[in-house]
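Listed below are the residues making up each chain.
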Amino acid sequence: MSAKNRDNKNRWRNITVGFRVSPEENELINKAVALSGLPKQEYCYRRCLSQDVVVQGNPRVYKALKTELAAVLAELRRIEAGNSVNDELLNVIELIAIIFGGLKGEDENGE
């Protein structure tokens, strides 16, 4: 039998919540989770409960940012060749900008 899951307030987590997403939504969720540095469960329940997701800089976050920025660069080169910008790319760029702003100590308005 596995150990009981308890949160940081020592509450026992014994209820499972699941939902279906499209492959595109799953990819976007996985990118956001990787960029947050949190476990997927923690990220999802914070977002569902409208709690702040505070990114703490660490090697995993750095690697995720590096990977996503490389993907953004590849997409920008594709766009430069005459293709259009898709909404998913804009969402990822916005998320990266928010994370970098938070790591620098700025608020959401860039101040």
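What counts and how
Residues numbered from 1 in each chain as written. Predicted model: local features only at pLDDT ≥ 70, side-chain atom pairs only at ≥ 80, totals over all residues. Heavy atoms only, no water. Helix = DSSP H or I, 4+ residues; strand = E, 2+ residues; numbered from the N terminus. Buried < 20%, exposed > 50% of the residue type's maximum accessible area, 1.4 Å probe, protein only. Contact = heavy atoms within 4.5 Å. Patch = residues over 30% accessible without salt bridge, like charges linked within 9 Å, V, L, I, M, F, W, Y side chains within 5 Å. Areas by Shrake-Rupley, 256 points an atom, 1.4 Å probe, with all protein chains shown as cover. Salt bridge = Lys/Arg side-chain N within 4 Å of Asp/Glu carboxyl O. Polar contact = N/O pair within 3.5 Å; in protein donor to acceptor, adjacent residues only side chain to side chain.

A.B. asks: Can you walk me through the overall build of the protein in this structure?
C.D. replies: The helix and strand inventory of the protein stands at four helices and zero strands. N-terminal to C-terminal, the α/β element order of the protein is α-α-α-α. Sorting the 111 residues of the protein into buried and exposed places 20% on the buried side. When contacts within the protein are restricted to residue pairs at least 6 apart in sequence, those whose partners lie at least 24 apart make up 45%.

A.B. asks: Hey, could you run me through a nonpolar patch on the surface in this one?
C.D. replies: Nonpolar side chains collect at one region of the surface, where Leu76, Val85, Leu90 and Ile93 lie side by side and expose about 310 Å² of accessible area between them. Structurally, Leu76 can be placed in helix α3 (residues 59–80).

A.B. asks: Quick question: what am I supposed to make of unusual backbone geometry here?
C.D. replies: With glycine set apart, most residues show a phi of negative sign, and most peptide bonds adopt trans. In this structure, Ser50 takes a positive phi of about 55 degrees despite not being glycine. One can find Ser50 in the loop between α2 (40–48) and α3.

A.B. asks: Can you help me understand the pattern of salt bridges in this one?
C.D. replies: Side chains bearing opposite charge may pair, as long as their charged atoms lie close to each other. Scanning the entire structure with this criterion turns up three salt bridges. Residues Glu68 and Lys31 are paired through a salt bridge, measuring 3.9 Å at the closest nitrogen-oxygen approach. Pair noted here: Glu68 is in helix α3 and Lys31 is in helix α1 (residues 23–36), with a separation of 37 residues, a long-range link. By relative accessible area, which is 22% here, Lys31 ends up partly exposed. When the shortest N-O distance is used, the salt bridge between Glu42 and Arg46 registers 2.8 Å. Residue Glu42 and its partner Arg46 are both found in helix α2; the two are separated by four residues, about one turn of the helix.

A.B. asks: Help me understand the side chain of Glu42 in this model?
C.D. replies: According to the relative accessible area criterion, Glu42 is buried, its value standing at 17%. Separated by 3.3 Å, the side chains of Glu42 and Tyr45 make a polar contact.

A.B. asks: When you look at the environment of Glu25 in this model, what are you seeing that I'm missing?
C.D. replies: Considering the arrangement of structural elements, one finds Glu25 in helix α1. Overall, Glu25 belongs to the partly exposed group, its relative accessible area being 43%. Residues Glu25 and Glu88, spaced 63 residues apart in sequence, show a C-alpha to C-alpha distance of 9.4 Å.

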